Amino acid sequence: MSEKTGSVLVVGGGIAGVQTALDLAESGFKVYLAERKPSIGGVMAQLDKTFPTNDCSMCILSPKLVEAARHPMISMMTLTEVMAVEGEAGDFTVTMKKHPRYVREDRCVGCGLCAEKCPSKAPSEYEVGMVNRKAIFVPYAQAVPMKYSIDANKCLWLTKQRCGNCKKVCPADAVDYEQKEVIEKLNVGSVVVAPGFEAFDPRVKREYGYGDFKNVVTSLEFERILSATGPYQGHVVRPTDHKTPKKIAFIQCVGSRDEKVGNPYCSSVCCMYALKQANIAQEHTSGLESHIFFMDIRAFGKEFEDYRARAETEYGIKMYRGTRVASVDEDPETKDLTLRYSVGTDISEQKFDMVILSVGLEPPASAKDLSDRLGIKLNPYGFCQTGIYSPLETTRPGIYVSGAFSSPKDIPTTVAEASGAASKAGKHVYENRIQIDEVVKEIPETDVKGQEPRIGVFVCDCGINIRGTVDVPSVVEYAKTLPNVVFAEENKYTCSADSQELIKKKIKEHNLNRVVVASCTPRTHEALFQSTIKEAGLNMYLFEMANIRDQCSWIHMHEPEKATAKSKDLVRMAVAKSRFLEPLTKSKLGVTHSAIVVGGGLAGMTSAMDITAQGFHVDLIERSNDLGGRLAKLYTAEDGVSPRKYMNDLIERVRSNDKITVYMNSELEDVAGFVGNYKVKVKTPEGQKELDTGAIVVAVGGQEYTPKEYMYGKEKNVITANELEEKLSHGALNAKKVAFIQCVGSRNKEVPYCSRVCCSKALKNAIEIKKKSPSTEVFIFHKDIRSYGFRELLYKQAGELGVKFVRFPENKDPELSKVGEHLQLVADDVVLGEKIMFRPDLLVLSTGTRPNPDNEHLAKMVKVPLSKDGYFLEAHMKLRPVDFATNGVYLAGIAHWPKFIDETIAQASGAASRAMTIISKEFLETQGIIAAVNDMVCDGCGVCEPVCEYRAITIVGSDAKDPSKLKAVVNEGLCMGCGTCVAACPSGALEQKGFKTNQILAQIDASLEGGAK
Amino acid sequence: MSAPQAAHAEPKAAAEGEWEPKLIVFCCNWCSYAGADLAGVSRLQMPTNFRVIRTMCSARVDPEFVLRAFASGADGVLVLGCHPADCHYIGGNYRTRRRIALLRVLLEQYGFNPDRLKLEWVSASEGAKFQKTIKEFNETVKELGPNPLTEE
């Protein structure tokens, strides 16, 4: 098969693989998305909620899965493994093995009759074995693709040639016992590997009794217990007696930070997920008490520390800091559990109804085989080998990695990496990019003009998110009584893949020409439903949503009757508006195929290099005199290379790149235009420059906090961590006693957040000091040591080299005084329960990171928000970590949040990838929701013209013969569809499509009818 | 719920038979509607007697909409938009501010209590402010009593 398209293979269909696939597809590449399991979704599909926003995991994931499944540039290959990769970057031949599904995907409609009649059962992998599935099954109710598969080990026909029920009952004749393995060869330019992780199996930790004591569960099992779709429908109950527990305990670091089980690293996510599970469990169960036993609480991410504080103060979760649990014992009668644990130097005991083991993340069992087949190396812990300066690169050129396969990490970091891997993979195939409209056939649109509205209403249970409060069946019955509604029904998840098929089917069956979905918020789900109805031949604007979850069931949880009545009102309002909806058309606008990157530090330069690697031009704007940002001030090596050295090389590569124009001492002055077509004014030393660009990457970094504490600036032997690195670069220190104080300017009243990097940086430098001068005494004074991931090994190494750690209380900082010529540090050691005194020759302050004080100015210019801490605020904290709500503007580096070199590089590549999804396109479509002038009514008074912020309206002559006759004209490319002009128009000549006056008035009237009972 | 958490606490249910005003709330798509969603995501509980109408910008709220709402029996109308200088459409909220101020004068001149119409800024990160705004406006309108137009 000789294809001219650039193709990429993505291995793994979890959130990482799906995001990589979507980015590549949107950038014009053909993607093969291979998943070993029968469906995509990975571990994220099993989660109930996600921290720190408590978003429903399935709700935010599902639209992405559906988008990947329906994307014309993505070939989804389920039950498929990579067997071999031959060739080299740019031209790989990949051998794939597709395992038999025994169900024909082209025929299965996912009706489930087969599973109903199947007599053979097996533990459900999705439910972590807590409930059974059948031998013919879908992994979970919203699985993508919604196609059944047969477990060959359990199927009676395949094992013993008996039964055959499924084949008999299948209405679509989809069951095919004769299917065999299929070997297929693909030609791809690059590969991205994202097989994810596996949860640690705590059976080897015999002391915790998992496996023997049924009320000891893993965190993944507890996640399912919390889920509305889980084994107990979201009710927190004990597995032994299904009684509601009163007191539960979480044991942290099970299978993490544990040499005995071979996992010396920190799994990075368990502290936060335990806090989340404790919060959610208490929300589900009145009177429940949660206790968390941990060593350090690692709340290092954006808004994490707030979340932790709320868990303690608002939810009253009891925290046992610096505590290792020695054992768990079961009372054989009551099945209650007794924990033995150390408190300082004493041993304590406490009884619990249920124990949750916060299990760590391990490489997938397939990692060894997979790495052999791909020809890539694993690190000593079995994860994919990467480097600090090459976080997305495996050891084989052309093969990239993203997600938890390279190190344990949370969802946003994974998603940013996934985009980053797409950028890297794209550079091998970019010359064979194709435009999406070359592969998509236009679906002919049904003409609904002049038709009486025929409205279909789909009401979502959202598991129990809506149904737990709102009487959904009565809302459905009510909807049926509304004018022009010809069909209404209830769905468990209206957003799932099978529901999309159902909506399309119902549109055809009932000849629907308007669709209303009552579920969550249009902000996240409108686009999904719009493309569904588009596939059924309806204009996508013949759609309306009623937000009965976020703005009803969730905010009226204790008033089910009123929430039900309100849901009916909201449905009535949506139906009323939908009766007046009209089909809208979009036009196509050209795109400027270049990007502007603001900020010449590590993030900005990495983004710029990635974008030029795919052939696009970049204008790099740096306001200072130097490229390099904060990294140029760091000296102590990581991965054997000094950051400053890496930075000097990078600056050289940027300087010599003929696709990058660098503007030094320059700043943005004005940003006009819109996604794909920005016009940016830049103030340069040579005067103002006007640049056209398709996308903007914000990578302006942050600042190091300048301490006011600890006599800094007054005592020459009190220095910051950065000053220490500079000193160390000149050789051994002239100090016999060194102390580090952590959290200087972090985790205090003024700045409550954790600056993420300071702990590991202190460890790195403490090790450097010890290496250079083993006899130097080094003390680190800290609240928690937050060396997550593989940086935990720095903690271990520092300890082995004799670095001493003193944990001081959260609310009581060490005190520094001067005794004669000596600095004297006194702190409460919470582990020993006594005061510690130390007289350092050199005191190093681990200073926190601050956002740039003038971020607000830039934020306003590019029209994006800042977080309450002053960092740039992304579009969605979990699944859109490098996007802004404003299309065409992206985010990377410390401007987003403090982070390490590897994290910054990965995120910067991610921002580059997102920008390239825009600038690689030949054209973008305008929005349908824009202003329109009714020429018959407009008399050209001109009130609207100055009202428009985008200068999209001009007043022109309307009659060639009579120059006094004027009218308003709207430029569709410039109009952003705010509707400001419409409200200003005194004659009613202006209308906002999609928000027309009659549509909104219908909503107002409907809201006040009060007809619903 | 066991934990002391004011924001999540069960709201005081309206006493049986107690009069509840009907409130219409216009929310701009980018800030206030997102703030209302965030209130939901954060499970912040509040009175049920308001109905949200989404517009892309608060500046789409034509004075006609407000008058129609009152004429059709709304007891109070809230218009919520992005904070000054945060408008997704640059300066739409400034126009809203002027229009609402003018409209309040107009309402007063016609003998209609202008406190039944309120403009407030709620950002995408202010779920708690959305909750507070709803609660407070509800109390204000409760004190004002039913819309006099509905009593005739």
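This one's a predicted model, so the numbers in the text were calculated from it and none came from an experiment.

*Asks:* What is the right way to read the overall build of chain B from this model?
*Replies:* Across its full length, chain B carries 5 helices and 4 strands. Listing every helix and strand of chain B by position from the N terminus yields β-α-β-α-β-α-β-α-α. Within chain B, the fraction of its 152 residues that count as buried is 58%. Accessible surface, chain B as shown: approximately 6100 Å² in total, 52% of it carbon and sulfur.

*Asks:* Before we go on, may I ask you to explain the pairing of strand E43 (residues 822-829) of chain A in this structure?
*Replies:* Each regular strand displays side chains that alternate between the two surfaces of the sheet. Residues and elements named next belong to chain A. For strand E42 (residues 815-819) and E43, the ladder comprises 5 bridges, and the chain directions are antiparallel. In the sheet register, Ser-817 faces E43, and the bridge partner there is Gln-824. Hairpin connection from E42 to E43: 2 residues lie between these consecutive antiparallel strands, with Gly-820 at a positive phi of about 60°. Direction of pairing for E43 relative to strand E44 (residues 834-838): antiparallel, over a ladder of 5 bridges. Residue pairing in the sheet places Asp-829 in a bridge with Glu-834 of E44.

*Asks:* How should the state of the cysteines be read in this particular structure?
*Replies:* In protein structure, a disulfide is the covalent linkage between the sulfur atoms of two cysteines. Residues and elements named next belong to chain B. Under the definition given, this model contains 1 disulfide over all chains. Paired by a disulfide, Cys-31 and Cys-82 hold their sulfur atoms 2.5 Å apart. A torsion of 100° about the S-S bond marks the disulfide between Cys-31 and Cys-82 as right-handed. Residue Cys-31 is located in the loop between strand E1 (23-28) and helix H1 (32-41), and its partner Cys-82 is located in the loop between strand E3 (76-81) and helix H3 (92-109); the two are separated by 51 residues in the primary sequence. When its relative accessible area of 3% is taken as the criterion, Cys-82 is described as buried.

*Asks:* When you look at the sheet that holds strand E2 (residues 50-55) of chain B in this model, what are you seeing that I'm missing?
*Replies:* Backbone-to-backbone hydrogen bonds pair the strands of a sheet. The strands run either parallel or antiparallel. Residues and elements named next belong to chain B. Taken in spatial order, the 4 strands line up as E2-E1-E3-E4 in an open sheet, and their pairing is parallel. Each end of this open sheet is capped by a strand with a single partner; those strands are E2 and strand E4 (117-121). The mean inter-strand angle of the sheet, taken between neighbouring strand axes irrespective of direction, is 20°.

*Asks:* Where do I start with helix H8 (residues 304-313) of chain A in this structure?
*Replies:* Residue pairs three or four apart in sequence face the same way in an α-helix, which turns once every 3.6 residues. Residue and element names in this part refer to chain A. Of the positions making up H8, those classed as buried are Phe-304, Glu-305, Tyr-307, Arg-308 and Ala-311. Down the axis of H8, the smallest arc covering the buried residues is 160°, so these residues share one side. Structurally, H8 contributes buried residues whose contacts are with helix H7 (270-284).

*Asks:* Sorry if this is basic, but what is going on with the nonpolar core here?
*Replies:* Within soluble globular proteins, side chains that are nonpolar generally end up buried alongside one another. Within the largest apolar cluster, 159 residues are counted, with the highest numbers of intra-cluster contacts made by Ile-136 and Val-457 of chain A together with Phe-26 and Val-77 of chain B. Dropping the residues within four chain positions of it, Ile-136 of chain A is found in contact with Val-103, Cys-114, Ala-115, Cys-118, Tyr-148, Ser-149, Ile-150, Cys-166 and Val-175 of chain A. Residues Ala-249, Ala-281, Met-319 and Val-355 of chain A belong to the second largest nonpolar core, which totals 53 residues.

*Asks:* Is there a simple way to think about helix H15 (residues 560-578) of chain A in this case?
*Replies:* Between its first and last C-alpha, H15 of chain A extends 26 Å over 19 residues, near the 27 Å set by a 1.5 Å rise per residue. Buried residues dominate H15 of chain A, accounting for 15 of its 19 residues.

*Asks:* What is the right way to read the sheet that holds strand E13 (residues 190-193) of chain A from this model?
*Replies:* Residue and element names in this part refer to chain A. One open sheet accounts for 5 strands, arranged E5-E2-E1-E13-E24; its pairing is parallel. Every other strand in the sheet has two partners, leaving strand E5 (74-78) and strand E24 (399-401) as the edge strands with one partner each. Here the strands of the sheet are splayed against their neighbours by 20° on average, with no regard to which way each runs. As defined by bridge partners, E13 adjoins E24 across 3 bridges and the pair is classed as parallel. Counterpart to Val-191 in the pairing with E24 is Ile-399. The strands touched by helix H1 (residues 15-26) are strand E1 (7-11), strand E2 (30-35), E5 and E13; relative to E2, the strand with the most contacts, the crossing angle is about 170°.

*Asks:* Would you take a moment to explain the side chain of Thr-917 of chain A for this structure?
*Replies:* Residue placement: Thr-917 of chain A occurs in helix H22 (residues 901-919). Non-local contacts of Thr-917 of chain A, meaning those with residues more than four positions away in its chain, are made with Asp-23, Glu-26 and Ser-27 of chain A.

*Asks:* Can you help me understand the pattern of salt bridges in this one?
*Replies:* Pairing is possible between side chains that carry opposite charge, provided their charged atoms lie close to one another. All names here are of chain A. According to the stated counting rule, one finds 87 salt bridges over all chains in the structure shown. With a closest N to O distance of 2.6 Å, Arg-914 and Asp-23 form a salt bridge. Taken together, the residues Arg-914 in helix H22 and Asp-23 in helix H1 connect sequence positions 891 residues apart. The same class applies to Arg-914 as to Asp-23, namely buried. With its nearest N and O atoms 2.8 Å apart, the salt bridge here joins Arg-70 to Glu-535. With Arg-70 in helix H2 (residues 57-70) and Glu-535 in helix H13 (residues 522-535), this residue pair connects regions lying 465 residues apart in the sequence.

*Asks:* What is the right way to look at the packing of aromatic side chains in this model?
*Replies:* The description of an aromatic ring pair uses the distance of the two centres, along with the angle that the planes make with each other. Residue and element names in this part refer to chain A. Applying the stated criterion to the full structure yields 30 aromatic pairs over all chains. Ring centres 5.2 Å apart and planes at 20° place the aromatic pair Trp-157 and Tyr-177 in the stacked group. With a gap of 20 residues between them, Trp-157 in helix H4 (residues 156-160) and Tyr-177 in the loop between helix H5 (165-169) and strand E12 (182-188) connect regions that are remote in the sequence. The exposure class assigned to Trp-157 is partly exposed, which follows from its relative accessible area of 28%. Taking relative accessible area as the criterion, Tyr-177 reaches 8% and is therefore assigned buried.

*Asks:* Is there a simple way to explain the packing of helix H16 (residues 602-613) of chain A against helix H17 (residues 643-655) of chain A in this structure?
*Replies:* A pair of packed helices is captured by two measures, namely the crossing angle of their axes and the spacing between those axes. Residue and element names in this part refer to chain A. The geometry of H16 relative to H17 is characterised by a closest axis approach of 10 Å and an angle of 45° between their N-to-C directions. The angle between H16 and H17 falls in the class oblique. The chirality of how H16 crosses H17 is left-handed. Residue-level inspection shows Leu-602, Met-605, Thr-606 and Met-609 of H16 in contact with H17, the latter providing Tyr-646, Met-647, Leu-650, Ile-651, Arg-653 and Val-654. Residue classes in the contact of H16 with H17 are distributed as 8 nonpolar, 1 polar and 1 charged.

*Asks:* In this structure, what is going on with empty space enclosed by the protein? I would like to understand it.
*Replies:* If a probe as big as a water molecule is rolled over the atoms, it shows which places are left empty. On inspection of all chains with the given rule, the structure shows 15 cavities of 30 Å³ or more. Estimates place the volume of the largest cavity at around 230 Å³. Taken together, 18 residues line the largest cavity, and the ones lying closest to its centre are Pro-412, Thr-413, Arg-756, His-896 and Lys-899 of chain A. Secondary-structure elements contributing two or more residues to the lining of the largest cavity are helix H10 (411-426) and H22 of chain A. Counting residues per element, the lining of the largest cavity draws most heavily on H10 of chain A, at 4 residues. Considered class by class, the residues forming the lining of the largest cavity number 7 nonpolar, 4 polar and 7 charged. In this structure, the second largest cavity encloses a volume near 190 Å³. For the second largest cavity, the lining is made up of 17 residues, of which Met-545, Asn-547 and Gln-1003 of chain A together with Tyr-33 and Val-52 of chain B are closest to its centre. Secondary-structure elements contributing two or more residues to the lining of the second largest cavity are strand E28 (543-547) and H15 of chain A together with E2 of chain B.

*Asks:* Please explain the packing of H2 of chain A against H13 of chain A as it appears in this structure.
*Replies:* All names here are of chain A. Direction vectors running N to C along H2 and H13 enclose 35°, while the axes themselves pass 10 Å from each other. Crossing of H2 over H13 shows left-handed handedness. Taking contact as the criterion, the partners of Cys-59, Pro-63, Val-66 and Arg-70 in H2 are, on H13, His-525, Leu-528, Ser-531, Thr-532 and Glu-535. Residues belonging to the contact of H2 with H13 are distributed by class as follows: 4 nonpolar, 3 polar and 2 charged.

*Asks:* Where do I start with a nonpolar patch on the surface in this structure?
*Replies:* A surface patch of nonpolar side chains, amounting to about 240 Å² of accessible area, comprises Val-830, Val-831 and Leu-832 of chain A. With relative accessibility at 39%, the residue Val-830 of chain A sits in the partly exposed group.

About the criteria used
Residues numbered from 1 in each chain as written. Chains lettered and ligands numbered in written order. Predicted model: local features only at pLDDT ≥ 70, side-chain atom pairs only at ≥ 80, totals over all residues. Heavy atoms only, no water. Helix = DSSP H or I, 4+ residues; strand = E, 2+ residues; numbered from the N terminus. Buried < 20%, exposed > 50% of the residue type's maximum accessible area, 1.4 Å probe, protein only. Areas by Shrake-Rupley, 256 points an atom, 1.4 Å probe, with all protein chains shown as cover. Pairing = 2+ DSSP bridges. Disulfide = S-S within 2.5 Å. Axes fitted to C-alpha atoms, helices over the stretch in contact; angles between N-to-C directions. Arc of directions from axis to C-beta. Contact = heavy atoms within 4.5 Å. Core = buried A, V, L, I, M, F, W, Y, C linked by side-chain atoms within 4.5 Å. Expected span 1.5 Å × (residues − 1). Salt bridge = Lys/Arg side-chain N within 4 Å of Asp/Glu carboxyl O. Phe/Tyr/Trp six-rings, centres within 6.5 Å; stacked < 30°, edge-to-face > 60°. Parallel < 35°, antiparallel > 145°, perpendicular 65-115°, else oblique. Left-handed = near helix turned anticlockwise from the far one by under 90°. Nonpolar A, V, L, I, M, F, W, Y, C, P; charged D, E, K, R; others polar. 1 Å grid on protein atoms, 1.4 Å probe; cavity = no way out; pocket = protein on both sides within 12 Å on 5 of 7 lines; lining within 4 Å. Points joined across faces, edges and corners; volume = space filled by probe spheres on them. Patch = residues over 30% accessible without salt bridge, like charges linked within 9 Å, V, L, I, M, F, W, Y side chains within 5 Å.

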